[in-house]
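This is what each chain is made of:
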Amino acid sequence: MNWHEYVNATGKVPEWPYPVRYEKENIVTSDVLIIGGGVAGCRAAISARQRGARVVVADRGFTKRSGSGGAGVDHWHGAVRNPCSKVTPRMYSEAAMATTDGYTNGLVRYIVGKEGWDTLLETEQMGVQIRDETDEFKGSMFRDEETKLLFAYDLENKHCLRIYGANIKPCVDREMRRVGCDVYERICVTSLLTEGGKKGARVIGATGVHDRTGEFYIFKAKSVIVSTGKTQRLWCFAPELRESQSMYNLDQSGMGHTIGWRAGAEFVLMEMTGPVELTGTGYAPYSTGNNNNTYQGVSVVDKNGKVVKYADAYGNLIDTEEGIFKPSQEGSFFIGWGIALDHERMPAHRINLTDPNLWEKVRAGEYEQPFYTDMTSLSKTSRDIIWRLMLAHEGKCRVPIYEQFTAWGFDPKKHLLQFPVGDYSLWSIDCAWANPQSGPANWRAGNGGYLIDWRLRTTLPGLFVAGDGPIASQGCHGESQTAGRYAGRQAAIFARDIDAIEPDPEQIAAEKARCYMPTKAKGDIGWKELNYAVARIMQDYCGEYKTEHTLDMGIRRMKDLLETEGKRMYVSNPHELARALESLSLCELGVAYMEGAKARKASNKVLGFYRYDYPEDTEEWHKLVAIKQTAADAVASRGLAVDYHLQAPYAPDLEDNYQRYSESDR
Amino acid sequence: MGVYSIPNQSGPCRVLAFDAETCIGCNRCVNVCPSDVMIPNPEKGKEPIVLYAEECWFCGGCVQECPIRAITLVTPAKQRLSTVWIDKKTGAEYRIGMKDPLPPNTTPPADNR
Ligand SMILES: Cc1cc2nc3c(=O)[nH]c(=O)nc-3n(C[C@H](O)[C@H](O)[C@H](O)COP(=O)(O)OP(=O)(O)OC[C@H]3O[C@@H](n4cnc5c(N)ncnc54)[C@H](O)[C@@H]3O)c2cc1C
């Protein structure tokens with residue numbers, strides 16, 4: 001039942017069911033502290049523990065299901081060293097750099113290429129099925145007969161796998177506990193502790209607030225990994241409207257970025273933003289007809305049963321099912337889909353999608369809406385691999401799509417699934433698989449993250465990062481889990497060779513006072529209202545087009561919001577307190593994004609970055625811009641080569657760096 | 001039953017439906033939820049209370065955690081209307097939440113676990 005039913009039935013308002021002990025201190029000590037127990041954090045925990053470290057994981061939710069990856073996965077990217085793959089780690093990293101003009105993480109892509117397959121093999125050991133064990137798909141073009149692996153997107157190069165990942169998070173979580181990591185759940189981490197309480201100093205722990213009891217946690221550690229996932233809620237916030245359409249959960253507040261920004265770490269690509277899906281007007285992901293990503297390979301027909309062809313990125317139409325899964329360019333390979341790579345620049349690496357002239361053809365009367373996903377016309381294996389494997393295992397699909405649809409009688413052998421009706425421009429983002437309907441241009445999503453070195457260490461000693469979000473411009477399971485596994489190793493090695501330092505009591509006291517202010521202030525602003533205000537400032541002053549002056553205005557507004565309404569918050573219970581702390585942190589993070597935008601004095605198409613006052617995209621500005629807060633609370637910025645990971649002090653070659661820094665067992 | 005002064009419900013009102021007959025009130029669903037949207041029922045052994053429906057992101061973790069499968073994820077009305085399929089032969093239209101439901105399709109997912 002919901003709250004309203006309970007109150008109507010009993011005439012009583014339920015009391016908060018947990019003991020509320022605001023400000024009560026708990027001290028937790030470890031060698032390695034992991035902030036965020038998503039797939040990246042859990043993998044980091046496991047590998048740090050395997051290196052002998054005492055590991056503590058602090059997670060906002062419940063690690064069995066928390067995070068973007070908590071509800072499953074069907075595509076495993078980056079396992080380029082699987083025995084069937086024709087792609088090498090170097091090809092993978094270089095293609096990623098080429099498609100983004102260098103505005104990605106070449107070094108992480110290389111690490112993922114080197115270790116992604118090993119990471120997946122370990123995942124199999126943890127209980128995730130990654131092969132067609134029962135020979136159900138024997139003889140299918142997607143399958144390698146010897147290894148029984150199943151492939152997606154590119155059957156010529158075979159580096160992206162189809163996996164049965166609905167239970168991936170429970171499996172990884174179970175392994176994390178089995179090897180002896182201590183997991184602290186329902187903790188909203190709110191700050192990093194630094195040596196002497198100083199900005200820019202070594203990171204020696206963190207603080208957090210419990211979402212049920214309101215208790216205060218002080219984590220002391222020799223090294224810390226931030227793996228808190230992506231940032232939502234900054235430009236786009238509408239919990240009352242988003243319903244099941246959301247690809248994002250509200251725990252993705254970007255706190256992992258904010259705490260590093262406050263501690264003085266350097267960030268890159270903060271000015272890189274892209275359009276968002278318009279929360280509140282779209283569809284549940286994967287619930288409508290489409291032919292992309294998880295559904296790629298289905299047939300598409302119009303109202304009259306006329307088939308819509310697939311096309312390559314150059315617009316050449318494709319006639320056969322095999323053709324859909326092959327690069328049309330000799331010697332090229334598809335990198336994959338949904339992993340933050342801009343395929344406009346490098347069409348040779350883009351998967352095959354719908355005929356780009358379809359909507360012209362609709363206007364010309366050649367096709368009639370609605371369109372339908374047609375799995376009836378596929379062979380049994382092709383149909384089963386899409387519906388019973390991919391749709392049953394993809395994130396947020398097992399229950400909301402597979403179980404729900406079949407409970408209501410959907411049968412892909414007989415039924416056609418309808419596409420949304422409307423012009424393509426309504427849902428140009430990712431072609432209808434992910435809750436389409438593009439937002440207005442001033443609603444953005446940020447891609448910035450920590451500046452990192454070949455050890456996945458940030459510019460603060462003792463602070464490492466992993467996964468989606470904290471690592472700039474990344475985003476997929478294979479990457480998050482592989483980077484997590486790697487960062488865990490690095491953080492354990494760091495912790496092995498260094499002494500613990502006691503945190504500064506003043507830093508803790510100040511953070512504590514900040515955190516519990518909403519429980520004391522007789523406020524009139526709730527966490528949602530503050531978040532809406534943050535989003536308004538971001539939409540108005542940090543939209544697609546910017547100027548120095550309007551960015552300054554936005555920064556002023558945001559600081560004003562933090563100092564005025566931000567000091568007048570109310571909370572009813574610890575859950576609301578944690579949400580309020582997230583909303584407050586968004587004010588600081590918004591400032592960081594606007595500072596990042598100010599630091600780039602040139603427009604840049606790849607970054608989705610346009611300035612009225614600096615409209616040119618000049619060669620001089622073809623570089624990364626790193627920003628940080630200095631000890632005096634000023635903002636400092638500097639330029640770095642986009643391939644800084646191949647410049648001094650690093651070696652000029654990817655493999656040499658990997659050998660030098662990876663400390664791999666293999 | 002009294003008539004109470006109650007604020008509007010926000011967002012999708014019902015995100016989870018519990019089978020009150022079979023729910024044993026074990027609260028495993030409460031504890032597995034990544035966003036902590038439920039609280040245990042003050043009455044022991046009864047179905048939990050969804051307190052923060054608009055924070056639910058429909059991952060279905062609670063449904064999978066339930067030892068007796070007493071929970072159904074409720075697709076919001078707006079989304080139910082956009083999940084439409086047709087019979088290829090007859091052209092008949094169906095959707096989640098339809099008035100005269102089809103019999104369920106009981107084909108299991110492809111996995112070996
Ligand atoms: C529906 C859906 C389908 C997807 N399908 C695929 C796919 O098929 N293939 C693929 O490669 N990728 C897919 N992805 C993307 C993939 O799930 C993510 O890239 C991956 O889960 C990121 O892992 P992560 O650990 O970095 O972040 P997350 O999984 O988001 O984990 C972040 C963790 O940090 C915790 N946290 C956040 N803030 C705090 C705080 N303040 N204090 C403490 N803890 C905190 C959260 O509770 C969470 O556990 C999909 C994503 C979605 C949403």
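A quick note: this is a predicted structure, and the numbers were derived from the prediction, not measured. (Residues numbered from 1 in each chain as written. Chains lettered and ligands numbered in written order. Predicted model: local features only at pLDDT ≥ 70, side-chain atom pairs only at ≥ 80, totals over all residues. Heavy atoms only, no water.)

**Student:** Whenever I open this one, the overall build of chain A confuses me. Can you help?
**Tutor:** Each helix and strand in chain A was counted, giving 17 helices and 24 strands. Counting only C-alpha atoms, chain A reaches 70 × 65 × 55 Å along its principal axes. Taken across its 666 residues, chain A has 68% of its residues classed as buried. Across chain A, the fraction of contacts at a sequence separation of at least 24, relative to all contacts at a separation of at least 6, is 74%. (Helix = DSSP H or I, 4+ residues; strand = E, 2+ residues; numbered from the N terminus. Buried < 20%, exposed > 50% of the residue type's maximum accessible area, 1.4 Å probe, protein only. Contact = heavy atoms within 4.5 Å.)

**Student:** Is there a simple way to think about the interface of chain A and chain B in this case?
**Tutor:** Bring the parts together and some accessible area is lost; that lost area is often taken as the interface size. Of the residues lining the interface, 89 residues belong to chain A; the matching set on chain B comes to 74 residues. Across the interface of chain A and chain B, roughly 6,700 Å² is buried in total on both sides, 54% from carbon and sulfur atoms. Scanning the region where chain A abuts chain B turns up 9 salt bridges. Here chain A is connected to chain B by 41 residue pairs in polar contact (both at pLDDT 80 or more). Contributions of two or more residues to the side of chain A that touches chain B are made by helix H1 (3-10), helix H6 (239-242), strand E16 (372-374), helix H10 (380-393), helix H11 (398-407), strand E17 (415-418), helix H14 (527-541) and helix H16 (574-599) of chain A. Counting residues per element, the side of chain A that touches chain B draws most heavily on H11 of chain A, at 9 residues. Across 3 bridges, E17 of chain A lies against strand E5 (residues 84-87) of chain B in antiparallel orientation. Within the sheet, the bridge partner assigned to Leu417 of chain A lies in E5 of chain B and is Trp85 of chain B. (Buried area = accessible area lost by both parts, 1.4 Å probe. Salt bridge = Lys/Arg side-chain N within 4 Å of Asp/Glu carboxyl O. Polar contact = N/O pair within 3.5 Å; in protein donor to acceptor, adjacent residues only side chain to side chain. Pairing = 2+ DSSP bridges.)

**Student:** What's the story with the side chain of Glu582 of chain A in this structure? I'm lost.
**Tutor:** Residues and elements named next belong to chain A. Examined against the element boundaries, Glu582 turns out to sit in helix H16. A distance of 2.5 Å separates a polar atom in the side chain of Glu582 from a polar atom in the side chain of Arg233. Separated by 3.0 Å, the side chains of Glu582 and Arg579 make a polar contact. Not counting the four nearest positions on each side in its chain, Glu582 is found in contact with Arg60, Cys188, Arg233, Leu250, Asp251, Ser253 and Met255.

Shape descriptors only; they carry no functional weight alone.
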